[in-house]
Every structure is written in structure tokens, then in C-alpha cells.
Amino acid sequence: MKRQYFSILLTVSLLLILTAVPVLAQTYYFSVDQEIVHVYWESDGSMRIEYILVLTNDPSASPLDFIDIGLPNYNYDLSSVYGWINDQPIQQVKKSEYVSPGIELGLQSKAIPPGATGEVKVLIDRVEGVLFDDDDDSAYASAKFSPNWFGSQYIFGKTNLTVTFHLPPGVQPDEPRWHASPSGWPSNQPSTGLDSDGRVIYIWQNPSANAHTQYTFGASFPRSYVPSEVVSKPVPEGELFQPSQPSGPGITGTILGFMCFGGIILVLVGIVALAVNSDRRRKLAYLPPKLAIEGHGIKRGLTAIEAAVLLETPLDRVLTMILFSVIKKGASQVVSEDPLKIERLTPQPKKLRPYEEDFLKAMIDETPRKRRIALQKVMITLVKSVQKKMKGFSLRETKNYYQAIMKKAWQQVEQAETPEVRSKLFDEGLEWTMLDRDFDDRTQSVFRTGPVYVPIWWGRYRPSTISTARPSTASPSTRAPGRSVSLPTLPGAQFAANMVTGVQNTASSMVSNVLSFTNGVTKTTNPPPPPSRSRSSWSSSGGSSCACACACAGCACACAGGGR
Amino acid sequence: MRLPSLRSSKPNMDDLTPGIYDYTHIIPGGHARIHLRVEKDGRGLLLINANRAVHLNPTAALMAWMVLEGRSEPEAVAYLRNRYQVASKTAREDFAEVRDDIEQLIKPDGACPIHDLELDLLPPFSETPSAPYRMDLALTYRCNANCPHCYNLRPRNYPEMTTDQWRRVIDQLWEIGIPHICFTGGEPTLREDLGELISHAEAKGQITGLLTNGIRLSERSYVENLLDAGLDHVQITIESHLPEEHDRMVGISGAWDRTVQGIRNVLQYGLFVMTNTTLLAGNTPYIGDTIDFLADLGVPTVGCNALIYSGRGRSVGTGIPEDDLAPALEIVRARSIQHGQRLIWYTPTQYCHFDPVQMQLGVKGCSAARYNMCVEPDGAVIPCQSYYEPVGNILLDSWESIWNHDLSLWLRERRYVPKECNACPMLKECGGGCPLTLRHQPQQAPMNHIPMPETLLET
């Protein structure tokens, strides 16, 4: 997503300058061990700045007796500037003679002696005119801030620098944008959070910063959170700082820093433009979250009929599939097509599945109502059996697996090069292709042209149809139990129509009222939904319910050790 | 005017560094203990009540941490957007989904992670953590029982570490990122500093458990002492509802009375209580009655295991062959269902002989040097509490050297699996059974296949 949330405008910069005032012969050499800066961007468009500085004076240097702090502009009230040295108030706070705009803290008797460490706190309670237009997004205001830096000749050691922006109250966490961290910063991005007042904060931290480099930090936020009039256009070059003239060589380096600052402002614009691009580049590619547990994956080994239950195939079709199955196996044949009546054949094949046995028993009953109830029991038992088999296995992966089998079965049929092979593959894969919701259309499409070699079991299913078929000249190898035949052929379209009609109507000729039949099953097999939001695709239409009794295989036996 | 102290805020987002984080969440009827272990590569492991392990990719680990730290959705979205190339909508939806998943996973009656939450499924034992989920601490090999089938291979007077040394062990385990420790033995209640060590571990954030014969728990004051220390769960061994059979199997006359009293005592408190029973020739014929008896006592969770072929177990001769376990477990399972008890089966078996998955007991495979290990009384680390071959000393050797010791790898990578198992489709779950059984019961050879239901069309 293209982002154009910031370019800059301008900048609030703050310089902290330690100067040798007024005795130029003094030599200053110190480290800034820690520097913590909190910048509060207030809802009236002003800013509040808090500093904590831990300074260690070199044993050979002069006492640290004055601290000058540069300010962003002249829109501050000197009476609202406070300082502390080692938690003792600093009495001498006045306009700086050397930094303009800026203030000066005279430590007087509390100057940090050579070799000692002192903690200086500074509060600038209010500075106005510190927000500027965001060039790229007129709805945003931009704020930049550079904490202090010193002339490098005065500084030794590293600085643990932390700068925290507290954005205006009310800004929502997903609204503001940070600007890229300074070059060389350990992280290109600040950490984020909320402060105790619920304000969004950006925190930049570097334990290995130095106190003689200018670091610039920035953020943009919707300007609607501050009065419109407080957001200004960028300050023209040279207008922001007007440092006073240096009075001696001892502060030359510092003053040069100021003299350059008007130019730095321009440079910053370029830096920010680069930062926008680098900001985009630095972001990590997003990988969606993934939670996983150890357990079983695919439940293999289900029959097509069991898979049909799993895939929520309409129950009337499942019933038809069972009928086809027992007929194909030579366990029964149709003696009356409407109403449907079947008879068991002898000898019975050995490998009938429990639901096939149950089905055959149920079909014996000729009373429609009793037969329907018996068949409902068959289906209920079948559904529960599948649920049990699915325990601990992935429903999604298992469904995908059987969908893939179904697709492959179709693929084989559709890619067959001769009518014989096509007929044979269709017969072999019929149980699987029947899982397809588009079974009807695809069957008619596949057999739109050319003859179909009618499978041998078709005669046991549709004896009336087979009588119209012509004997084929070819002899596919399909073999019925105990006999070998030459298969008859039908025009493909006729076969397809018969097949589709059969699949559509067979169940109703078994149970007369399919809807009533289905309801009788699902009211038992579909318990109330699980106690949570459910992303499961188990629905009430398919005669199945959540096989939720997972084995929680990921527990990995961490409950306790056993064995005694 | 004083400069206000720096304003406190919630943990910085960048505070998510490798290590272990622990949380306690109030849930209906109690609380949930949650540990998030963040690996160096950013991946995470979420352990809920030291029982349910959820593997997280780096994004999920970050989101889980934000959820557990109580970060709001807008905060999380802002952070994600600034860190990743992701649209607000995507970040919001993904975060909300992770939050919902975690909420459900924490709930005792939450949605099924497989079928409702549809979490990705990993093959069993496919993940190699950086450290076990659980460490057993065998405080002592002394024991006030004398089980003829005991798996302990060490002498009873084995050297023991001091309390201070055990504290250091616990510290070390927390540093490694192990959220769950179980005090075992021998009989851990013979260590007078048990409560102190429990307190120490709980203060660090670990879940503590106790594996005991329950004899000392017959003293109510002792139980209260452990509870005050913060003990989370206890497993008590009871071999039979028949006093004489239990006493015979533990080798101590009168032990049954005290063990049962111990069970009664701990059940009065809010501890997670379970029992464990070793199915041997002497007690298995009556195992159904034993389960009934435990239900009458109010035991909510019952555990069973087969003989462990270690120590005296190698020669006691009362073990039940894996092929004969099914009938006994059918009874146990039926009775536990009838009583509403949870059943935990411990023993890794060869699935061609005894398939716990088909028995709906869950996947059971050897988890030594993967999900659990054991520290011996002298600080030696062994792959599990029955596999007496040290792979280092927890106080003297680096964790890396222990975790990646040849024996640790040999077990973790299942190099012990018989070649006959390699073609078996169940190998991932089964893992070839218990390595100790393989070593000491070579006659329990694996079949070269497992009958699988036929499919009508091969893919």
C-alpha cells in the first residue's frame, strides 16, 4: 500500500550546549552517560520537554558550572523553565547569552566537580509553534525533534540515549506514523506503546549513542487532534535560530554548530525524503500468523461413502452410493425400479461393510415408513462411525484429501482416449465422482458423444435400460462375479441421462420423502453447535456434525510422568 | 515544581526478546497458567497449563505476546503496520483471530483447536523445541516403598544435591525456558526441603507438580505445607482398589491406607489431582473395579501405564505384553467415560501391537529428550526418568551440550527405530515404541505393517 503520510516540514530542534562561560581558559571535557528526553506534543499544539542528563566530568577538566539549552524558537516562557541538579533546584535560570533561542542554567555552588557525576533535570513546560504541515498528507501534522549535541572536542564516551514522543491525547495507536530513526540507530523504528495517560508513545533508544552527533526524530499524526491554526508551514531557512555572536575561541566549535543549523534544516528535508523510501524498504515482509498443534493430519482409508459423509454430501446421494456399492459388489439387484425393491443375491460377497449390511437389512422391509426409519438408522450409524474415525484427525486436511481423490477420478475419466477406457474408468471411480456436487453436469458433459460401454452391474440396477442396449463388439475386461460377458453399449448421452436421473431419483424411490428422511437423520447427528465461534464448515445440511472429540495429540504427555 | 518522574507505561513492544514469559489468567472456575517461550528466531511456543502446546510462527508469537500483555487491537495494529508491510485490515483481522484463538485455547471448555479453530496440524513429534516442556527433578532416590517393578536403577543412597544447589538447578531451568517441573524420585516427599523448592520454582513462574506414592500426603499438615508453597498438581500412584494387592505391589504393608488417605486429603483442595496405576499381571484383572473405586473417591483424572523395562522392571516378569493391553484399556476407558473421568495413557507402544490412537487415548510416543527430561539427585541429566544414561550435569555443563548430546539426538531423532518400522505409515505417531522396551524385550518385534482400511482409489 502506498503510503504518503509524511514528508516534513519542519522541525523542532533542541540543542543543549555546554559552554565555557565566561572564562575561556576553562577546559570542559565530560561524558553524557545517560540522556532521557520526553517530548509531550500537547493537544493545544504546544510541546513540553523533559530532560534527564547524567554527566560525568573528566578528572582533569574544569567544573561543569553552566549549561545552555537551545530551544526550538522564541515562543516559550522563561518562567516556565525549571532545572534541578542532583534533585536540588537550580536557582539561576535565564536567557542564554550564547544560544539563541535558548536558556542557561547556572549551577553555581552545585557545579559538577572534576571526576564527579551529576544528574541534571530540565523541564521546559511550554513551547508553542512547533508543528508543521506534512507535505505528503495535508491531513497530518508533522513534528520533529533533535535532542542536544555537543562539540565533539568536549565529549568522551558513549551515551545511553532515550527519546520518547508522547503524541497528543486522543491520537489512536493506528493513526500516527513515525519517521525513520537516525542513520546508524540500532533499530530503524521506535518501539510503540501507551503511556500511563493512554497517550501513544514512540520510544527511540540507543545505548551506544554519542553526545556529539545530531540525531533527529520525527512523527506525524492527524492534525485534527490539534487546532488547525497551530500547524504552520515550514520555517524559511535562517529564521529559526539566531545564535548570538561568539565572544571567544573557546566556544567556536559549538557556535559553528549553530551557524550551520539553518542549513541543516534544509538538509533535513532531503533526509526525510530519503527516509520515506527507506522506511518502506526497511519494513519486514508480513507473514500471516500461524498457530499449529501436533496431531494427526489426514484420515486416510475412508471409503468413498464415508468420505461422502465427511464432505457433507446430501444424504439421498449417500443412500444411492450405498445402493450402487452393494449392486456393484454383487450383493443385490433391483427387482422393481419404482418403488424401488431389491433382492439379495447368493452367494453374498464376503467383504461387505457394516453400513452395506445394515442397508441390505433395512431394504428388506417393504413398509415405506418402516423402511425409511430403518434407513435413517443406517445413516445415523454411518455418520457416527465417521465421526469416530475422524477423532483426532484434521477435518480440513482430510476433506481436501478426499476432494483431491474425487478430482483425480474425474481427471482420469475426462482424459481417457477411448470410449472403452472412459467407460471403464468411470465405472471404477463412480463412488468418488459421485462426491462431486457437479456430478450431474460433468457426467453429461463427459458422455455427450460416443458410445458408453455399460458396466455389467448396470443390468442389476436398471434391467429395463440394459434391454435396449446394443451388444458391443469390444469386450472390456469388466467381470461380474462368476461370469464373463461382452458389455452392451448405449449412446453416451442416453447413458448419462439415465445415470443422472438414477442418482437424482433413486433415493426418493427408496424413502419416498427425501426431506423427511434427511431431517430424521440430521436431528440426531447434528448436535448443538460447539461453544465458540465456529470456523468449521460442518453444516446442518450434510448429515454430519463436528467430530470434535479430538485427541489433543499435541499435549505430548506433559501432564506428569507416569510409570510407578 | 518537581520534574515528574518518568511516566510508566506498559512493556515496550521491543521488549519481546527470546526467553520465557509467564501469565496467569482468571478463567471461569479458576485460573490458567500460560507460558510463552520465544525462540531466538522469533518462533514461539504457547503452553497452556503445561498441557496444551501450540506452535507459533514469528508473527503469531508476536501477536500472542501482545494479546497476553493486554495490548489493545489498535495498539497492536499500529505496531504491526509500522513493523511489517501489512494493510490495516489484514493486521486487524489477523490479530483479532489470534486473540480469539488464544482465548478459546485458554478456556477449559473452549473450542476444539482442530475442528473449530482449525489450527494447522503438525505431524506428531515433528517439532524440535530448544528445551523440553517439562523437567522432572528426581530429588532423591530414597523411597518409603519397595515396588518389585520399580524402574529405578540407582542405589537408594545415591548422592543428593543440597537445597541451594537445587535452587540453582531451578534457576537454570527457568533460564533455559522450561516452564514446568515435576518433583519425583525415589520419593520426593522424603526431602524436607520440598516445599521450599516448590516455592522457589513458583516464584520464578514455573508450574510445579509432584509425583508421589502419597504416603506422606496422609498427613494433612504436610499437604497444607505443599499447598502453601504453591504446588499446582499432584500425581499419586495407586496400584489397586484392593489393599492387599496395592501393598504387595508397593512392597509395604499398610501402604494402601495411607495412600488412599493421601488421595482423600489432596482432593479436598483445589489441586489438579490424578492417580497413576501400572497395569501388571496382579492388578489388571481387577482394573475396572479400581477405576470405579477411584471414581468413588472423586479422582477426576486417572492415569495408566505399562511396565517400564528399567531397574527391577526388567526382571520382575509381571509386565503385560503390548498385544494384551487392549482389553484392559478397553475396560479402563469404558469405566472412565462412565464416571466422567479423564484418562491419560502414558506408555509408548508399537502401534502394530497396541494402538492408542485407535483406542482413542491420543498419540503416545517416546518424548524423552524432546518434551521432557530428568535431573537426577546429583545434578546429572538423563533423557527421561527411566533412562539412566546421563547426558551431562545441569550445573556443570552447558545446556547446548546436554540438549545436543549424542544420546539426546539418538533418542530425539529416533535412531533406535527398528528397520522393520520404516515402511509403516504409523511411524510418525508410534516412533517405534519405548526404547527401553525395545532394548529389554526384543521378542516384542514390530510387525512389518499395519493393516490399513482400503481405499478404492490410490492417489
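Residues numbered from 1 in each chain as written. Chains lettered and ligands numbered in written order. Predicted model: local features only at pLDDT ≥ 70, side-chain atom pairs only at ≥ 80, totals over all residues.

A look at the overall build of chain A
- A tally of regular secondary structure across chain A gives 13 helices and 27 strands.
- A burial count over chain A gives 48% of its 564 residues as buried. (Helix = DSSP H or I, 4+ residues; strand = E, 2+ residues; numbered from the N terminus. Buried ≥ 20, exposed ≤ 12 C-beta atoms within 10 Å, placed from the backbone.)

Observations regarding the overall build of chain B
- Each helix and strand in chain B was counted, giving 14 helices and 15 strands.
- Scored against the burial criterion, the 459 residues of chain B give a buried share of 52%.
- Sequence-distant contacts, at least 24 apart, represent 67% of the contacts inside chain B between residues at least 6 apart. (Contact = placed C-beta atoms within 7 Å.)

A closer look at the sheet that holds strand β11 (residues 272–279) of chain B
All names here are of chain B.
- With mixed pairing, 9 strands are arranged side by side in an open sheet as β13-β12-β11-β10-β9-β8-β7-β14-β15. Each of the sheet's edge strands pairs with one partner strand only, and the pair in question is β13 (342–345) and β15 (381–382).
- Across 2 bridges, the pairing between strand β14 (residues 372–375) and β15 is antiparallel. Residue pairing across strands places Cys374 opposite Ile382, the latter belonging to β15.
- The strands that helix α10 (residues 325–339) touches are β11, β12 (301–306) and β13; relative to β13, the one it contacts most, it runs at about 155 degrees. (Pairing = 2+ DSSP bridges. Axes fitted to C-alpha atoms, helices over the stretch in contact; angles between N-to-C directions.)

Re helix α8 (residues 419–433) of chain A
Residue and element names in this part refer to chain A.
- Given a rise of 1.5 Å per residue, 15 residues ought to cover 21 Å, yet the end C-alpha atoms of α8 are separated by just 17 Å, more than 12% below that figure.
- Along its length, α8 reaches its greatest deviation from straightness, about 45 degrees, at Asp427.
- Counted residue by residue, α8 has 12 buried out of 15 residues, so it is predominantly covered.
- Among the residues making up α8, those that are buried are Glu420, Arg422, Ser423, Lys424, Leu425, Phe426, Asp427, Gly429, Leu430, Glu431, Trp432 and Thr433.
- Where the residues of α8 are buried, they touch α3 (304–310), α4 (315–328), α7 (395–415), α9 (439–446) and β23 (451–453). (Expected span 1.5 Å × (residues − 1). Bend = angle between axes of the 7 residues up to and from the residue.)

Remarks on the pairing of strand β4 (residues 47–57) of chain A
All names here are of chain A.
- Judged from the 11 bridges that link them, strand β3 (residues 30–41) and β4 form a sheet pairing that is antiparallel. The residue bridging Phe30 from the neighbouring strand is Asn57, located in β4.
- Adjacent in sequence and paired antiparallel, β3 and β4 are bridged by 5 residues, among which Gly45 carries a positive phi angle near 90 degrees.

Thoughts on the packing of helix α2 (residues 73–83) of chain B against helix α3 (residues 88–106) of chain B
Residues and elements named next belong to chain B.
- Contact pair α2 / α3: the axes reach a minimum separation of 9 Å and the direction vectors enclose 125 degrees. Classed by the angle they form, the pair α2 and α3 counts as oblique. The chirality of how α2 crosses α3 is right-handed. Contacts from Glu73, Ala76, Val77, Leu80 and Arg81 in α2 reach Ser88, Ala91, Arg92, Phe95 and Ala96 in α3.
- Looking at the contact of α2 with α3, its residues break down into 6 nonpolar, 1 polar and 3 charged. (Parallel < 35°, antiparallel > 145°, perpendicular 65-115°, else oblique. Left-handed = near helix turned anticlockwise from the far one by under 90°. Nonpolar A, V, L, I, M, F, W, Y, C, P; charged D, E, K, R; others polar.)

A word on the packing of helix α5 (residues 194–204) of chain B against helix α6 (residues 220–229) of chain B
Residues and elements named next belong to chain B.
- Close contact between α5 and α6 brings their axes to 8 Å; oriented N to C, the two are set at 20 degrees. Taken together, the axes of α5 and α6 lie roughly parallel to each other. α6 is crossed by α5, and the crossing has right-handed handedness. Contact with α5, carried on its side by Leu194, Gly195, Ile198, Ser199 and Glu202, involves Asn225, Leu226 and Ala229 of α6 and no other residues of that element.
- For the contact of α5 with α6, the residue count by class is 4 nonpolar, 3 polar and 1 charged.

Let's talk about unusual backbone geometry
- Of note, the amide linkage connecting Thr346 of chain A to Pro347 of chain A takes the cis form, showing an omega dihedral of -5 degrees.
- Checked against the element boundaries, Pro347 of chain A lands in the loop between β22 (340–344) and α5 (354–364).
- With omega at 15 degrees, the peptide bond leading from Gly185 of chain B into Gly186 of chain B counts as cis.
- Here Gly186 of chain B shows up in the loop between β8 (180–184) and α5.
- A positive phi angle, near 55 degrees, is found at Glu118 of chain B, a position not held by glycine.
- Position of Glu118 of chain B relative to the elements: it lies in the loop between α3 and β6 (120–122).

Describing the confidence of the model for chain B
Residues and elements named next belong to chain B.
- The predicted model of chain B averages 90 in pLDDT, with 93% of residues at 70 or higher.
- This stretch, residues 1–10, has a pLDDT under 50; its non-local contacts, to residues over four places away or in other chains, come to 18 contacts.
- The low-confidence segment residues 448–459, where pLDDT is below 50, has 22 contacts with residues more than four positions distant or belonging to other chains.
- Note on the complex model: pTM 0.58, ipTM 0.89. (pLDDT = per-residue confidence, 0-100.)

Some points on the confidence of the model for chain A
Residues and elements named next belong to chain A.
- Of the residues in chain A, 74% have a pLDDT of 70 or more, and the chain-wide mean is 73.
- Predicted confidence in chain A is weakest over helix α1 (residues 252–259), with a mean pLDDT of 32, and strongest over α3, with 92.
- Across residues 469–485 the pLDDT falls below 50, and counting only partners more than four positions away or on other chains, this stretch makes 32 contacts in the model.

Points about the environment of Gln104 of chain B
- On the secondary structure map, Gln104 of chain B appears in helix α3.
- As a C-alpha pair, Gln104 of chain B and Leu117 of chain B span 13 residues in sequence and 8.3 Å in three-dimensional space.

Some remarks on the sheet that holds strand β3 (residues 44–48) of chain B
- With mixed pairing, 6 strands are arranged side by side in an open sheet as β1(B)-β2(B)-β3(B)-β4(B)-β20(A)-β6(B). Edge positions in the sheet fall to β1 (19–27) and β6 of chain B, since each of these pairs with one other strand and no more. Going across the sheet, the axis of each strand differs from the next one's by a mean of 30 degrees, ignoring polarity.
- Here strand β20 (residues 291–294) of chain A pairs with strand β4 (residues 52–56) of chain B via 2 bridges, running antiparallel. Looking at β4 of chain B, one finds that Leu291 of chain A is bridged to Leu56 of chain B.

Brief notes about the environment of Thr162 of chain A
All names here are of chain A.
- Structurally, Thr162 is set in strand β13 (residues 159–166).
- When the 19 C-beta atoms within 10 Å are taken as the criterion, Thr162 is described as partly exposed.
- Taking the C-alpha atoms as reference points, Thr162 and Gln34, 128 residues apart in sequence, are found 8.2 Å from one another.

Topic: α7 of chain A
Residues and elements named next belong to chain A.
- Under the 1.5 Å per step criterion, the end-to-end length of α7 is 30 Å for 21 residues, consistent within 8% with the ideal 30 Å.
- Of the residues making up α7, those classed as buried are Leu395, Thr398, Tyr401, Tyr402, Ile405, Met406, Ala409, Trp410 and Val413.
- In the core, the buried residues of α7 are packed alongside α3, α8 and α9.

Examining the pairing of β20 of chain A
- Of the strand pairs in this sheet, β20 of chain A and β6 of chain B are connected by 3 bridges, and their pairing is parallel. The residue of β6 of chain B that forms the bridge with Ala292 of chain A is Asp120 of chain B.

Some remarks on the environment of Gly205 of chain B
Residue and element names in this part refer to chain B.
- You can see Gly205 is positioned in the loop between α5 and β9 (207–212).
- In this structure Gly205 comes out as partly exposed when scored by C-beta crowding, with 15 C-beta atoms within 10 Å.
- Taking the C-alpha atoms as reference points, Gly205 and Tyr23, 182 residues apart in sequence, are found 8.2 Å from one another.
- If near-sequence neighbours (up to four positions away) are discounted, Gly205 is found in contact with Asp22 and Trp174.

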